Amino acid sequence: MSPGPKAASVRAALRGVAPAHATVRDMIRRYCREHGKQLGCLAPVWNCKVLSVWRVFGRRRPLLPRQIEGVITLLQLDEFDANDLRLRAAREAGWNINPSLLLQEEI
């Protein structure tokens, strides 16, 4: 029996913020689990084979921006989760991003 179409959004509203030590791969696994999908479902979006998806998750190499956008598109993440995923991916790729500078209002 499937959990229903709104189950993912209900679970998303109940979950807390991901811990600071969580990697982008951990977050993608979490989102896939919440949406009832397996990692192999990312293969068509990433334009690769299922085995290649597993290889990407087994490596330490940072994910490509097109891979992050593919996850966001496939899982239809809301703006908050999508931006959090993009920010963590950029940090893992070596970008020195300070989130406090992103949230400052112009005076």
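Residues numbered from 1 in each chain as written. Predicted model: local features only at pLDDT ≥ 70, side-chain atom pairs only at ≥ 80, totals over all residues. Heavy atoms only, no water.

1. Looking at the packing of aromatic side chains
Consideration 1: On inspection of all chains with the given rule, the structure shows one aromatic pair.
Consideration 2: Considering the side-chain rings of tryptophan 46 and phenylalanine 57, the 6.1 Å spacing of their centres and the 10 degrees angle between planes classify their relative orientation as stacked. Taken as a pair, tryptophan 46 in helix H3 (residues 43-46) and phenylalanine 57 in helix H4 (residues 50-58) lie far apart in primary sequence, eleven residues in all. Summarising the burial analysis for this pair, tryptophan 46 and phenylalanine 57 share the class buried. (Phe/Tyr/Trp six-rings, centres within 6.5 Å; stacked < 30°, edge-to-face > 60°. Helix = DSSP H or I, 4+ residues; strand = E, 2+ residues; numbered from the N terminus. Buried < 20%, exposed > 50% of the residue type's maximum accessible area, 1.4 Å probe, protein only.)

2. With respect to the side chain of arginine 25
Consideration 1: Locating arginine 25 in the fold gives a position in helix H2 (residues 24-34).
Consideration 2: A distance of 3.1 Å separates a polar side-chain atom of arginine 25 from the backbone oxygen of valine 56.
Consideration 3: A polar contact is formed between the side chain of arginine 25 and the backbone oxygen of arginine 59, at a distance of 3.4 Å. (Polar contact = N/O pair within 3.5 Å; in protein donor to acceptor, adjacent residues only side chain to side chain.)

3. Here we look at the nonpolar core
Consideration 1: Of all hydrophobic cores here, the largest spans 21 residues; its most connected members are Ile28, Leu42, Ile68 and Leu85.
Consideration 2: Looking at this core, the elements with two or more residues in it are H2, H3, H4, helix H5 (65-75) and helix H6 (79-92).
Consideration 3: Top element by residues in this core is H2. It accounts for five residues. (Core = buried A, V, L, I, M, F, W, Y, C linked by side-chain atoms within 4.5 Å.)

4. Concerning the packing of H5 against H6
Consideration 1: The interhelical angle for the contact between H5 and H6, taken along N-to-C directions, is 160 degrees, at an axis separation of 10 Å. Judged by the inter-axis angle, H5 sits roughly antiparallel to H6. Note that H5 runs across H6; the crossing there is right-handed. Contact residues: Ile68, Glu69, Val71 and Ile72 in H5; Ala82, Leu85, Arg86 and Ala89 in H6. (Axes fitted to C-alpha atoms, helices over the stretch in contact; angles between N-to-C directions. Parallel < 35°, antiparallel > 145°, perpendicular 65-115°, else oblique. Left-handed = near helix turned anticlockwise from the far one by under 90°. Contact = heavy atoms within 4.5 Å.)

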